[in-house]
Every structure is written in C-alpha cells, then in structure tokens.
Amino acid sequence: MSPQKPTNIIYTGVAGTGKTYRLLQIARQYTDYLPRINDKDLLGQLLQELSWRDVVCLIFLDFKSKRQDLVKVPEIVNHEFFVSKAAQNARDKNLSNTAWSVLQMHTPASSQTVSYKNRASQAYFDKDNSGAWYLLPESMDLLSDLAQQLAEFQQAQRENNSQNQEFLQQRFSMVSFHQAYGYEEFVEGIRPVMAATSPATNSSSQMSYAIQDGAFLKLCQRAANDPDQRYAMLIDEINRANVSRVFGELLSLIEPDKRAGMTNAMTVNLAYSGRTFSVPANVDIYATMNTQDHSLAPLDMALRRRFRFIDCPPQPELLPILYLNQDLEAVNSETFNSKTANPAESRYPTENSYPTEAIDLAKLLTGLNNRIAQTLGAEAQLGHAFLWSVDSLEQLQTALIEQIIPQLAQAAGGQVTILQYIFQDEQQPLSAQLIQDSQALINNDANNSVNPNSPSQLFAGHQSFLGQSMSTGSYKINTDLLDNSAEFTKPFVYQRLY
C-alpha cells in the first residue's frame, strides 16, 4: 500500500486576513490529547525491570531522600514500592521473609549483627543493634543509576500531579521565517556548544563547535520513526527569508512525488554532516505568505511547483455593527458574542432599521478596500483583523490612528491626495477630514492669524511658496481624531467611509 500523498500548501493574502490563525487551527489537527498517566502506572513502569534487591535499594534511597537513614523491616514491607512489586509478581504471602532474605543476603561478611551463610558477593546493607537497617556508604556509588531513576520518577510524579487530566503530544513544529533565517536553523548547521570544564580551570565553561539538527530535520526524524502518524511543518511568513537558501538541497525533496517511499523518491547527502537523507511522506508543510511583500517575487515559480497556493481574502462579513447608543449596549454585546458563530448570523437582523448611532464595520472595511484597490492595487487592501477586536468608538479610533492610517500612508508613499480619496476627505471641511494636508493647515493658520493690513502681508506669497516646497506630499492626522473630540465623536464621520 502506497503512503498518503503529502500536503504542501501556502496560504497567501494581505495582512490581517487570518493566515497565521489558520496555521494555529492546523496545529490542532496535529495535536493528540492523551490521558494523564496516573501515579500507579508511573510506579509500575519504574519497577517493571527491577529485581527484589533493586526494589529494596530503591526504598532505602527514597527514605534517604526524606532524610531517614535507618529503616526497619515493617517499613520496607509496607512501602509503596514493595507493595507494587509484590502485586506485579502476584505475591501476597511471606513478604516479610522476602525482605529479610534480600537484606541478609547482601550484608558484608564482617557484619557484627547479621549471621547468614549464603551471602551474595556484593554487600549493600547492614543492621545496627536496635534492629534498624541502613545502606552501606560504600554502596552509594553502585546505586547511582537507581538514584537517577528515582529522581526522574519523583519529578514525573510532581509534573503529573500539576497537570490537567489530559496532556498534549504535538506532531508539528512551527517556525517564523525572517531575513536572517537560514539553512543552519532549518536543516542543519555548525553551532557553538558550551561545555562545562573541571573546577581546576580558570573558566567555568569551554566553547566547542558541533553539527546540530535544525527544526525541519528534527521533525522529519520524528516522523520517520512514527510512520503511522502524520506530522506537519508550519512556517509563518515564508517569504521573509531566502527560501532557496533555507531549504537548500531539500527544495527538491519536499515535492510530494520525491518523498521517501513515493514514485520518484529522492535522497541527498546533507551539506554539513554528509548523511543520506530523504523527506518522509508523512510530513505535511503549511506556510503563510504576505502578498504585500514582493521581496521574493522571482522565487514564485519555484514555489508553485512544490506548493498549492490558497488565497485568503479579507472577510468583512465577519465584522459586527458598532452601536454607539447606550440603550443598545446589550444588543451590541450580543452581536460581538456571536463572532465565533456562523458569520451570516453575526449581523444585525434588520439592516434597514440600523439606528443612526451605529457604525457598520463591515461596510466601513469594504468601502476602504474598494478605494484602496482603485488607487493602490488589490494587494494593499486591509484584512478584517484590523477591526476584529474593535467594540467601541475609542477602539475604532485607535485602530485608525495606530494601524490603518500608517500602513496606508506607507503604501501610498505619504501622498495626501491618495489618502484623502481613500478616506473620503476631499469634499469635507478641513475640521472633518481624517487626513489633512499639512500645507492646507499652514495656509489656514496664516489666513486666521495674520492681519490683512499688516506689512508682513507683502511677503505672504513668498511664505506660501516656501511652505508648499517644504511640505509637498506630507499628511497629518486630524488632531480632533487623535483627541476623540469635535466631529470625531459623531458616527457620520465614519459612516461616510462606506
């Protein structure tokens, strides 16, 4: 039976269309929710391969970790380790005799308190005159492995008791590409390793270099050892890095038909280690790409051959109506609570009866995007995430001031004419414009502050020329919008953006 064909998908779209959110949803498909291992099972795993001598030694080490060095036989027999081992062996009789036999067999021939003929070659225990047993100090080095197992068991117990009833097993790895991300982080590379040195040296650590596996190689190794499960590599912002450099020779291996076990399976020798490697067929690759970033446009054709591209357009229909009338506060709250429901049901049911004190965020985003597409192109549009968390007029103003206007200003190169067209400011009085022309403000201030009979009016034309030359293309966000005052407390200023 041939393996399932791998999935290679890149989700593309403008900023704020939920591409990264899709990756997080995909990650849930590659996450197993497993029942918590109870203490009884942990103990069973610890004791499974241990002999009675090991179990008794482990009991002494457990008491020693609790600062009790002297132990009597009833304490040993009643200890949970002894009881659990007896249950594993289906024993319920003569348990005290078993404990006595183990203790006496492993005492030194020089013991002054134990007389026993069939002693083992290695001594671990001895008894004092009160009848209490203890571990021989010289046996501690022999019990280092047991002590490590006990420490790991105790740590697992603590972690187990602090977790919920379920824990996660993730069959994915998620990375975010950036300009400096390379082959060494993704596949393999030579990296510095700090190693502890002996106390006799002056320095506390020493640097060496070793070949270490990257995120993708580690995931592939896990997938190769677990062929019945599917694994996923999740890459956010794949076009932020040089993909050819990051994948290196693996760019061919990730093609679905070039995977291990597939029709045209390929193997390569890795660049640093020289190991033979092929990408398992049970590894899926999902990535996101911001279409506003054209830095890797020449690589598009190379990616097209290896990935399916799925467009993620803005979804304004997911946005609610913002009610400013306090009497409608309950309705507004109910609308926002339905964001996770069916988008078609998240809108206010009687659209023709919208109150004037309401701002339809879906219409606002649609209107902006229509004008953005006309002037700056479809790739400059805004995603619905820019307004997703808006549930008050103040938050809408913050989204405009801190995110939407700066992004569009950068896309427009700061050209006031384009920005004012996008925000429907051309026919508005200066006081109601979201985006103001800095030169218009200068001229307006000059007209309001200069006495027409003043001699300085002789130079007014010269000042106007200088001001225009210094501020060509500059824009300014209306200070009333920044202060949430005057016209910008009223919904019609935002409704005209529809």
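Residues numbered from 1 in each chain as written. Predicted model: local features only at pLDDT ≥ 70, side-chain atom pairs only at ≥ 80, totals over all residues. Heavy atoms only, no water.

Draft legend 1. A look at the sheet that holds strand E9 (residues 231–236). In spatial order, the strands read E6-E9-E12-E1-E13; together these 5 strands make up an open sheet with parallel pairing. Both outer strands of the open sheet, strand E6 (172–176) and strand E13 (308–311), are each paired with one neighbouring strand and no more. Averaged over all neighbouring strand pairs, the angle between strand axes comes to 20°, with direction disregarded. The sheet contact formed by strand E1 (residues 8–13) and E13 spans 4 bridges and is parallel. Its bridge partner lying in E13, Ile-9 is registered against Arg-308. Contacting E1, E6, E9, strand E12 (283–290) and E13, helix H1 (residues 19–29) crosses the sheet at an angle of about 165° to E12. The strands touched by helix H9 (residues 215–224) within the sheet are E6, E9 and E12, with E9 carrying the most contacts at an inclination of about 165°. (Pairing = 2+ DSSP bridges. Helix = DSSP H or I, 4+ residues; strand = E, 2+ residues; numbered from the N terminus. Axes fitted to C-alpha atoms, helices over the stretch in contact; angles between N-to-C directions. Contact = heavy atoms within 4.5 Å.)

Draft legend 2. Structural context of the pattern of salt bridges. Inspection of every chain in the model, using the stated rule, returns 14 salt bridges. Among the salt bridges present, the one from Arg-240 reaches Glu-237, with a minimum N-O distance of 3.5 Å. Accessibility expressed as a relative area gives 21% for Glu-237, which makes it partly exposed. A salt bridge links Arg-306 to Glu-255, with the shortest nitrogen-to-oxygen separation between them at 3.5 Å. You can see Arg-306 sitting in the loop between helix H12 (300–304) and E13 and its partner Glu-255 sitting in the loop between helix H11 (250–253) and strand E10 (268–269), a full 51 residues away along the chain. Among the charged side chains, a salt-bridge network with shared partners connects Glu-255, Asp-257, Lys-258, Arg-305 and Arg-306. (Salt bridge = Lys/Arg side-chain N within 4 Å of Asp/Glu carboxyl O. Buried < 20%, exposed > 50% of the residue type's maximum accessible area, 1.4 Å probe, protein only.)

Draft legend 3. The arrangement of the nonpolar core in detail. Grouped together as the largest cluster of nonpolar side chains are 37 residues, with contacts concentrated most on Leu-387, Leu-396, Phe-423 and Tyr-494. Put simply, the parts of the chain that give this core at least two residues each are helix H14 (361–375), helix H15 (393–411), helix H16 (416–422) and helix H20 (492–495). For this core, the element with the most residues is H15, which contributes 9 residues. If you look at the next biggest cluster of nonpolar residues, it comprises 35 residues, including Val-187, Val-243, Phe-247 and Val-268. (Core = buried A, V, L, I, M, F, W, Y, C linked by side-chain atoms within 4.5 Å.)

Draft legend 4. Representation of unusual backbone geometry. The backbone of Arg-67 sits at a positive phi, close to 65°, despite the residue not being glycine. Even without being glycine, Gln-424 reaches a positive phi, approximately 55°. Counting through the fold element by element, Gln-424 comes out in the loop between H16 and strand E16 (435–437).

Draft legend 5. Spotlight on the environment of Arg-496. Topologically, Arg-496 is positioned in the segment after H20. In this structure, the C-alpha to C-alpha distance between Arg-496 and Asp-425, residues 71 residues apart in sequence, is 9.3 Å.

Draft legend 6. Highlighting the pairing of E9. Within E9, 6 of the 6 residues are buried, leaving the element largely enclosed by the surrounding structure. Taking every second residue as pointing to the same face, both faces of E9 are buried, with Tyr-231, Met-233 and Ile-235 on one and Ala-232, Leu-234 and Asp-236 on the other. Judged from the 5 bridges that link them, E6 and E9 form a sheet pairing that is parallel. Counted as the bridge partner of Met-174 is Leu-234 from E9.

Draft legend 7. The arrangement of the packing of aromatic side chains in detail. Applying the stated criterion across every chain yields a total of 13 aromatic pairs. Summarising the aromatic geometry, the rings of Phe-81 and Phe-153 are spaced 5.9 Å apart at their centres and angled 75° between planes, so their arrangement reads as edge-to-face. In this pair, Phe-81 is assigned in helix H5 (residues 80–88) and Phe-153 in helix H7 (residues 144–162), connecting sequence segments 72 residues apart. Side by side, Phe-81 and Phe-153 carry an identical accessibility label, which is buried. Connected via pairs of aromatic rings, a cluster forms that spans Phe-177, Tyr-181, Phe-186, Phe-216 and Phe-247. (Phe/Tyr/Trp six-rings, centres within 6.5 Å; stacked < 30°, edge-to-face > 60°.)

Draft legend 8. Structural view of the environment of Val-114. Summarising the element assignment, Val-114 is placed in the loop between helix H6 (95–105) and strand E3 (125–127). Since its relative accessible area comes to 7%, Val-114 is described here as buried.

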